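Fold and geometry: a report
As a plain string of letters, each chain reads:
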Amino acid sequence: MAKAQAFETAVGLTTTKAPFIEEAVNKGQLYIHQPYELYSEENHEAWRCLFARMQDRWQKYANPHFLRGISNLCLDPDRVPRLEDVNKFLNPLTGFKAKPVSGYVPAFLFFDCLRNREFPTTITIRDSKTLDYLPEPDIFHDIAGHVPMHTDRAFADTLVRFGECAHTAAELVSQIPDEQEKVRRVASIIKAMARFFWFTIEFGLMKGSQPGELKVYGSGLLSSYGELEYCVESPDVQRYPIQLEWVINQGFEIDHYQPLLFIVDSFDHLFDLVGQLEQWMKDGKLNNVAPGEPGIGEADIRSFLEPVKG
Ligand SMILES: [Fe+2]
């Protein structure tokens, strides 16, 4: 009874309104805990609706690694997941853990978490009245879109490799004596990495087992009811075999369905591409990528210039 009352009066952890998160941000706390009792019934209802309507679309469009991941995580279809429970299933498979955060994680810290097999995870959930569109991540995007992929060993190793790339970048720019040049160059490298991450981890397509078939592995697509179908079926989407030189120079916008997507052959292919990205970084090929989105903020630049040790 007491518990039921607690749920009724819970203030909620809604993306647009979460006093717990506001307080953490005001205190400068990036890494937080998940105060599970704060989820309101409306928050659980939002999870239930989001999870239920994705089932058919996942079966039809998601790649088999993701479907295995969803099954391995044993997510409760009716309640917002507890990260502790998710980690109990996830951690033994690949060593990865979902790590609760209060909001945006500066680029280097984000990649460094991946290197340590930790995935910065948003704990708020979108408002139940706006299930379809959300520019920022929420727990549905992070746990139902990203984390199932982290149960796959080849994919998990690719994320770690990405984190290692960030360390290589920090090391390379630390050797530049001129401060202005250091900032200019690191901004270009972060832009290249962010674009690569966007067109693969967030919005990637993969060849299916049948000729011409495409399967989705990008988390931005796998957590969007509308775009998951659109990205495979719509004649308005351009889909091309991935080319590193194109991806690192291609801007993207986050506020509408993606008009251009890239296809990898497999996760081994993706892993090799991250290795190639690192080699290009060492060769100076990421020092002058095409201008345009995404904009690189000061916090991202600073995070690479004053990286954590290790
Ligand atoms: Fe994401």
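The coordinates are above.
Summarised in this report is the structure supplied together with it. (Residues numbered from 1 in each chain as written. Predicted model: local features only at pLDDT ≥ 70, side-chain atom pairs only at ≥ 80, totals over all residues.)

A look at the overall build of the protein chain
So the rule is basically this: Secondary structure elements follow DSSP: runs of H or I no shorter than four residues count as helices, runs of E no shorter than two count as strands, and numbering proceeds from the N terminus. Throughout, radius of gyration means the C-alpha value; the globule benchmark is 2.2 Å times the number of residues raised to the power 0.38.
Of the regular secondary structure elements, the protein chain holds 14 helices and 6 strands. In terms of overall size, the protein chain behaves like a compact globule, its C-alpha atoms giving a radius of gyration of 19 Å where 310 residues would be expected to give roughly 19 Å. Dimensions of the protein chain along its principal axes, counting C-alpha atoms only, are 65 × 50 × 35 Å.

Quick word on the environment of T151
Defined as follows: With C-beta atoms placed from the backbone, a residue is labelled by how many other C-beta atoms lie within 10 Å of its own: buried for 20 or more, exposed for 12 or fewer, partly exposed between the two.
Tracing the backbone through its elements, the reader meets T151 in the loop between α7 (139–146) and α8 (153–174). The buried category is assigned to T151, around which 23 C-beta atoms lie within 10 Å. Measuring from C-alpha to C-alpha, the distance between T151 and F96 comes to 7.8 Å, with 55 residues separating the pair along the chain.

Focus on helix α3 (residues 41–61)
An α-helical segment advances 3.6 residues per turn. Residues three or four places apart therefore align on the same side. For clarity, the cut-off: Residue count minus one, scaled by 1.5 Å, sets the expected span of a helix. Note on contacts: each residue gets a C-beta atom placed from the backbone, and two residues are in contact if those atoms are within 7 Å.
Given a rise of 1.5 Å per residue, 21 residues ought to cover 30 Å, and the 30 Å separating the end C-alpha atoms of α3 matches this to within 8%. Listing the buried residues of α3 in full gives N43, A46, W47, L50, F51, M54 and Y61. Buried residues along α3 sit in contact with α7, β4 (214–216) and α11 (225–233).

Details of the pairing of strand β2 (residues 118–122)
Rule in force here: Should DSSP find at least two bridges between two strands, the strands are taken to pair. Seen with its strands pointing away from the viewer, a crossover is right-handed if its path from the first strand over the helix to the second goes clockwise.
The element β2 is extensively covered by neighbouring structure, given that 4 of its 5 residues are classed as buried. Note: strand β1 (residues 97–101) against β2, 5 bridges, orientation parallel. In the strand pairing of β2, P100 is matched with T121. After leaving β1, the chain enters helix α6 (residues 107–115) and then returns to the sheet as β2, a path that is right-handed.

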